[in-house]
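Breakdown of the fold
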Amino acid sequence: MSIRTLVAALFCGTASAQVITVPGDVPTIQGAIDLAQPGDSVLVDPGTYFEFDLSFGGKAITVASTDGAAVTIVDAAGLGRGAVFDNGEGPDSVLAGFTIQNGRAPDGADGADGPFGGTGSPGENGGDGGGILIAGASPTIVACVLTANSAGNAGAGGDGGSDVVGIAGAPGGTGGHGGGIAVVGGSPAILDCSFLGNVAGRGGVGGEGGSVVGDGADGGPGGAGGAGGCGGGLAVHGGSPRVERCAFRGNRAGGAAGGGTGGAGGLSLIDGGGKGGDGGPAGDGGSGGGVAVLDGSPSITSSLFHDNAAWHSGAGGFGGPGGEAVFAGAGGDGGKGGDGGDGGALHVASGASLSLLNATAAENTAGFSGPGGGGGIGGQGFVVGSPGDPGSGGVLGAGGAIEDSGGGASSSGTILWANEPDEIAGSPTVSYSDVQGGFVGTGNVDADPLFVDLAGGDLRVLAGSPVIDAADSTAFGGISLTASTATVSAATGGTVDFALAYPLVATDLDGDARLHDDPATIDTGAGPAPVVDMGAYEFGAAPPPPTSYWLLGTLSGTSPGFPFGGLTIPLNVDAYFLLTVNAANTGPFVDTLGGFGPGGTASASIAIPPGPPGWASLTAHHAFTVFEPSAGLLDVSAAIPLDFEP
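Each value, and the rule that gives it
- Residues numbered from 1 in each chain as written.
- Predicted model: local features only at pLDDT ≥ 70, side-chain atom pairs only at ≥ 80, totals over all residues.
- Heavy atoms only, no water.
- Helix = DSSP H or I, 4+ residues; strand = E, 2+ residues; numbered from the N terminus.
- Buried < 20%, exposed > 50% of the residue type's maximum accessible area, 1.4 Å probe, protein only.
- Contact = heavy atoms within 4.5 Å.
- Lys, Arg positive; Asp, Glu negative; His and termini not counted.
- Charge placed at Lys NZ, Arg CZ, Asp CG, Glu CD.
- Pairing = 2+ DSSP bridges.
- Salt bridge = Lys/Arg side-chain N within 4 Å of Asp/Glu carboxyl O.
- Disulfide = S-S within 2.5 Å.
- Phe/Tyr/Trp six-rings, centres within 6.5 Å; stacked < 30°, edge-to-face > 60°.
- Core = buried A, V, L, I, M, F, W, Y, C linked by side-chain atoms within 4.5 Å.
- Polar contact = N/O pair within 3.5 Å; in protein donor to acceptor, adjacent residues only side chain to side chain.

A look at the overall build of the protein chain
From N to C terminus, the protein chain includes 3 helices and 44 strands. Oriented by its inertia axes, the alpha-carbon framework of the protein chain measures out at about 105 × 55 × 45 Å. Looking at the 646 residues of the protein chain, the share that counts as buried comes to 55%. Long-range contacts, defined as pairs at least 24 residues apart, comprise 75% of the intrachain contacts of the protein chain with a sequence gap of at least 6. Taking the 13 positively charged and 61 negatively charged side chains of the protein chain as two groups, their mean positions are separated by 4 Å.

Looking at the pairing of strand β1 (residues 19-22)
What you see with β1 is a clean split: I20 and V22 sit on the buried side and V19 and T21 on the side with no burial. Examined bridge by bridge, β1 and strand β2 (residues 41-44) share 4 bridges and lie parallel to one another. Bridge pairing in β2 places V19 opposite S41.

Details of the pattern of salt bridges
A side chain with one charge may pair with a side chain of the opposite charge, provided their charged atoms come close. This model, assessed by the stated rule, comprises 8 salt bridges. When the shortest N-O distance is used, the salt bridge between E244 and R242 registers 3.0 Å. For R242, a relative accessible area of 30% corresponds to the partly exposed category. As a salt-bridge pair, R460 and D510 come within 2.8 Å of each other at their nearest N and O atoms. Of this pair, R460 sits in strand β32 (residues 458-461) while D510 sits in the loop between β35 (494-501) and β36 (548-554), and the two are 50 residues apart along the sequence. Judged by relative accessible area, D510 falls into the partly exposed class, the value being 39%. Within this structure, D192, R242, E244 and R245 form a network of salt bridges that share partners.

What about the environment of A109?
Topologically, A109 is positioned in the loop between β9 (99-101) and β10 (132-135). Residue A109 is classed as partly exposed on the basis of its relative accessible area of 37%. In the structure, A109 is positioned 115 residues away from A224 in sequence and 16 Å away in space, judged by C-alpha atoms. Discounting residues that sit within four places of it in the chain, A109 has contacts with G123, E124 and G155.

Structural notes on the sheet that holds strand β24 (residues 360-362)
Read from one edge to the other, the open sheet built from 10 strands follows the order β3-β6-β9-β12-β15-β18-β21-β24-β27-β30, with strand pairing classed as parallel. Strands with a single pairing partner mark the edges of an open sheet, and in this sheet they are β3 (47-49) and β30 (434-435). With 3 bridges connecting them, strand β6 (residues 72-75) and β9 associate as parallel partners. If you follow I73 over to β9, its bridge partner there is T99.

What to know about the sheet that holds strand β4 (residues 54-55)
Pairing is parallel across the open sheet formed by 9 strands, whose spatial order is β4-β7-β10-β13-β16-β19-β22-β25-β28. In the strand order of this sheet, the two ends are held by β4 and β28 (424-426), each with one partner. One ladder, built from 3 bridges, connects strand β13 (residues 181-184) with strand β16 (residues 234-237); its direction is parallel. Bridge assignment links A182 to a residue of β16, and that residue is A235.

A word on the state of the cysteines
In the structure shown here, the tally under the stated rule is 0 disulfides. With no disulfide of its own, C144 has C193 as its nearest cysteine by sulfur position, at a separation of 5.0 Å. Residue classification places C144 among the buried residues on the basis of a relative accessible area of 1%. For the unlinked cysteine C193, the closest cysteine sulfur is that of C246, found at 4.8 Å.

Description of the packing of aromatic side chains
In this description, an aromatic ring pair is defined by two values, namely the gap between the centres and the angle between the planes. A full pass over the atoms with the stated rule returns 11 aromatic pairs. Here the aromatic rings of W550 and F627 are separated by 6.3 Å at their centres, their planes lie at 45°, and the arrangement is tilted. Of this pair, W550 sits in strand β36 while F627 sits in strand β42 (residues 619-628), placing them 77 residues apart in sequence. Judged by its relative accessible area of 24%, W550 is partly exposed.

So, the nonpolar core
With 55 residues, the main nonpolar core has I29, V63, L95, I132 and L234 as its most contacted residues. Ranked by the residues each element gives to this core, the list is headed by helix α2 (residues 29-35), at 3 residues. Those residues in contact with I132, other than ones at most four positions away along the chain, are A83, F85, L95, I100, I141, L146, G180, I181 and A182. Counting residues in each nonpolar core, the second largest holds 28 residues, with F498, Y502, A604 and I608 among its members.

Quick notes on the side chain of N444
Position of N444 among the secondary structure elements: in the loop between β30 and β31 (451-453). Since its relative accessible area comes to 18%, N444 is described here as buried. When near neighbours in sequence (up to four residues on either side) are disregarded, N444 contacts V430, S431, Y432, S433 and F439.

A look at the environment of D422
As for its placement among the helices and strands, D422 is situated in the loop between β27 (415-417) and β28. Judged by relative accessible area, D422 falls into the partly exposed class, the value being 29%. Each C-alpha atom, one on D422 and one on G343, is 9.7 Å from the other, the two residues being 79 residues apart in sequence. Setting aside residues up to four positions removed in sequence, D422 forms contacts with A398, G399, G400 and A401. A polar contact is formed between the side chain of D422 and the backbone nitrogen of G399, at a distance of 2.7 Å.

Description of unusual backbone geometry
Cis geometry is adopted by the peptide bond preceding P23, which originates at V22 and carries an omega value of 5°. Between A529 and P530 the backbone carries a cis peptide bond, its omega angle lying at 0°. Positive phi outside glycine occurs at S302, with the angle close to 50°. One non-glycine residue, D591, adopts positive backbone phi at about 60°. In this structure, D591 sits in the loop between β39 (589-590) and β40 (593-595). Residue class for D591 comes out partly exposed when judged on its relative accessible area of 40%.

Some thoughts on the environment of G214
Here G214 lies in the loop between β15 (194-196) and β16. Relative accessible area serves as the criterion here: at 49%, G214 is assigned to the partly exposed category. The spacing of G214 and V164 is 50 residues in sequence and 6.6 Å in space, taken between C-alpha atoms.

Written out as structure tokens, the structure reads:
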């Protein structure tokens, strides 16, 4: 099989993309999405669009505003979520440049009360993802503002039915997770977004315990109150989302509900009256005011957390009254108050993991605990029953910045300062970070970061800050090229996706160069110069110069390679090499020539068509070059092989 035969086959069946405008071509965003075909773009003019539950339907399309999120608003008006990605969307399904506000996930229904002699049903959990729900999908969300969105509130537990024995009240449901965005499986990219004032769902109240009829038995205990939802801004419940250069401000997890009241003890004309049912325990407050990782393995880079809060727990339920009799029954004991939510900025549940790189968290708070419920009154009789004991209060939430109960979080280059009641709870791995009060780890310091205006929320730092040039540059990795597969069937073909990384052009939260040296500061961090700063911002940096990549290939091996600009591109020149040069971004080559994103990453793909059996003898190698128009070739990656198999 000749190289030129393969080159010719690569150009069969190309299609042209279309642009659909809103409201020019179609009055609604969803209407334009419905008309779009894979590869098309929907461009939306400024305005407020009262739409909800926007769905891409699995299409690889771009939906973008023409003038940015400040003037292009999707207002769900509390009628549903802003958008839903649950049809297997991939990275080429892009939502860019919108404010998504007033989204609301569905509330859980209240449980039914139990009939005579029967138990009530539990309250339903609230729905996840008020602004955006991503379920088993991997879309790209860029430059969006998620504000005033709410996960669903949970339903109350049903009451226990009356009977000759006490029947417990049913528990309330758990509040929905992820006020701004919930990820339930998948690997979405969430880039350059702001999460402002979003709220996770509230737990449902426990049902009342059933009262006893007639024989002096103890009343039914109250049902447990439901826990508050986790992740005011973002909740991850499976999957591995990538979050870069995002700001989380003023989000809170969901409040917990109180326990149900205990049922009344039974009456008795002869024996002692029954004891009142104990009050149900309250639910715990929601954890993770900014982000909650309940399951999965997200990464968060160059992001900021300010004024977020895990939320408060509920009060224990009141004990039920004792039954009346000659010797009246005692009142039920009050239920235990719930524990406050943990992790004002970030909560990582046991079994989950988190990679946190160069973030800033300040003035975030864990949740308050709830009071215990009051004891029930004693029953009335010749001898009045004793009142029940009050319930114990809950425990104050921990980890104003980070709570990591299972030790699955790793944090490098972070600033954790002025969070309440403490900075860190649990056992995350922390290095090259500024932690108020100190924390064990390589390169960690405990020194005032010198914020520009902490009270005003400006968490950039002033000259002379100890966080400048003090983090670990190696944490950003090096130049790399990876492919979604190392083999392609020669008979059926397939699409190969490439991931490119060049950290020297990564940017901070302001869009300035992430790796920048301050000449007035002695380097105290690690890695090759320029040494990166701690925190979400890079002091004194400017936007990086325009830097581009070019993905090239060969079918003739990697040695001796092609010398150019003082470097050697590890690819031999042949017809396929010339095709990748001359036909970049054409036909089967998608985004093989372009500019890096602010994180120093990019992606490209090649669609390999089906071919004859002779293709199975071929091996293609690919590498990518990095260049600036004014400076020429800057760097080149190693080559990776792609084998054609039968």
